[in-house]
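What follows is the residue order along each chain.
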Amino acid sequence: MAKVEFLGPLGRPSIEVDISNLSELKTFFKDDKELQDWLAICAVALNDTLVCDLNIPLSKDDKISLLPPVCGG
Amino acid sequence: MLELHNGPLHVNTILAEWYTKISDKNYGAFIPFVGIVRDEDGIEGLSFDIYEPILNSWFNAWQEKAKVQNAYLLMAHSRGDVPNHTSSYIAAVVSPKRKVALKMINDFVEDFKANAPIWKYDLVDGKRVYAKERSHVLSGSGLLKADA
């Protein structure tokens, strides 16, 4: 099971999902109306590196992080 | 060097420690930037969440860029609540010559604003309100949004 964490203002507890790539995570979230508004503006990190490819294979120990828009300082 | 502090930064102490740390290293320029929370739009202060793993890798990549130019970066940032008229952010560049440090402090702070994984909230009536309108979308955003 890959771990999915929702950072910053997303404010949700982490979940574990049985997926083999990010495309399956996209499908997993498709009916979550509240999350869809956030997903339009969230970046995705796989094991703390930003990614932009839905087809990267995932293993059970992988960590996926959703990062909303940022503003430090 | 990257420091994270709970609450407002003790600017005098941090800058004094940094100056002590670098003053005998033969750098000719020490260029600090101190961000101070402003009283505007009725806020009581700001509050911050930080995702440390990616912040560390972002900062380390910048430190490598600085090293190539014989410069060195220092940064401190707050976690949690920071009242108006106190500091949440200090960045500094030291380098042998001032021109490298002056350019780098600008480039570093701009990239920090755009890419450092830190989330800002206004403090209004004691509650945190995500500063969505002032925030910057990261590269690759929208990857997981369902197709229309």
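Nothing here was measured: the structure is a model prediction, and the numbers come from that model.

**Here's the deal with the overall build of chain B**
So, step 1. Of the regular secondary structure elements, chain B holds three helices and seven strands.
So, step 2. Secondary structure elements in chain B, listed N-terminal to C-terminal, are β-α-β-β-α-β-β-α-β-β.
So, step 3. The C-alpha extent of chain B, read off along each of the three principal axes, is 55 × 40 × 25 Å.
So, step 4. In chain B, buried positions account for 31% of the 148 residues.

**Some words on the sheet that holds strand 3 (residues 43–46) of chain A**
Residues and elements named next belong to chain A.
So, step 1. One open sheet holds the five strands; their spatial order is 2-1-5-3-4, and the pairing between them is mixed. The open sheet has two edge strands, strand 2 (15–17) and strand 4 (49–51), and neither has a second partner. Ignoring which end each strand starts from, the neighbouring axes of this sheet average 35° apart.
So, step 2. Summarising the sheet, strand 3 and strand 5 (residues 63–67) pair through four bridges and their orientation is antiparallel. Paired with L46 across the strands is I64, a residue of strand 5.

**Some words on the pairing of strand 5 of chain A**
Residues and elements named next belong to chain A.
So, step 1. When you tally the buried positions in strand 5, you get four out of five residues, the bulk of the element.
So, step 2. Bridging between strand 1 (residues 2–6) and strand 5 involves four bridges; their strand directions are parallel. Its bridge partner lying in strand 5, F6 is registered against L66.

**Let's talk about the interface of chain B and chain A**
So, step 1. The interface is formed by 32 residues belonging to chain B together with 28 residues belonging to chain A.
So, step 2. Listed by contribution, the elements that provide at least two residues to the side of chain B that touches chain A are helix 2 (52–68), strand 5 (87–95), helix 3 (98–115) and strand 6 (118–124) of chain B.
So, step 3. Partitioning the side of chain B that touches chain A into residue classes produces 16 nonpolar, ten polar and six charged.

**Focus on the nonpolar core**
So, step 1. The biggest cluster of nonpolar side chains holds 50 residues, and the ones touching the most others in it are V44(A), A91(B), V93(B) and F108(B).
So, step 2. Aside from chain neighbours lying at most four places away, what touches F108(B) is W62(B), L73(B), A91(B) and V93(B).

**Some thoughts on the environment of L58(A)**
All names here are of chain A.
So, step 1. Structurally, L58 is set in the loop between strand 4 and strand 5.
So, step 2. With 37 residues separating them along the chain, L58 and N21 place their C-alpha atoms 5.1 Å apart.
So, step 3. Ignoring sequence-local partners within four residues, the contact set of L58 consists of A2, I19, S20 and N21.

**Quick notes on helix 2 of chain B**
So, step 1. Look at helix 2 of chain B: 24 Å from first C-alpha to last across 17 residues, which is about the 24 Å you get at 1.5 Å a residue.
So, step 2. For helix 2 of chain B, the complete set of buried residues consists of I54(B), L55(B) and W62(B). Here the buried residues of helix 2 of chain B occupy an arc of 105° about the axis, which is enough to place them on one side. Exposed side chains of helix 2 of chain B directed beyond 90 degrees from the buried face belong to N60(B), E64(B), K67(B) and V68(B).
So, step 3. Against strand 3 of chain A together with strand 3 (45–50), strand 4 (72–83), helix 3 and strand 6 of chain B lie the buried residues of helix 2 of chain B.
So, step 4. Positive phi shows up at N70(B), right after helix 2 of chain B, with a value of about 60°.

Cut-offs applied
- Per-chain numbering applies: the sequence of each chain, read as written, is numbered from 1 onward.
- In the order they appear in the text, chains get letters beginning with A and ligands get numbers beginning with 1.
- With the structure being a predicted model, the display of local features is reserved for residues of pLDDT at least 70 and the display and counting of side-chain atom pairs for 80 or more, all residues being used for whole-chain, interface and lining totals.
- Numbering of helices and strands runs from the N terminus; a helix is a DSSP stretch of H or I covering at least four residues, while a strand is a stretch of E covering at least two.
- Counting other C-beta atoms within 10 Å of each residue's C-beta, where C-beta atoms are placed from the backbone, gives the exposure class: buried for 20 or more, exposed for 12 or fewer, partly exposed between.
- One requirement defines pairing of two strands: DSSP has to find at least two bridges between them.
- Orientation is described by lines fitted to C-alpha atoms, with helices fitted over the stretch in contact, and by angles between N-to-C directions that extend from 0 to 180 degrees.
- In this description, any two residues whose backbone-derived C-beta atoms lie within 7 Å of each other are considered to be in contact.
- Nonpolar residues are Ala, Val, Leu, Ile, Met, Phe, Trp, Tyr, Cys and Pro. Charged residues are Asp, Glu, Lys and Arg, and all others, Gly as well, are polar.
- Note on definitions: a nonpolar core is a set of buried residues drawn from Ala, Val, Leu, Ile, Met, Phe, Trp, Tyr and Cys, linked by C-beta atoms within 7 Å.
- To estimate the expected span of a helix, subtract one from its residue number and multiply by 1.5 Å.
- To be clear, the arc concerns the directions from the helix axis to the C-beta atoms.

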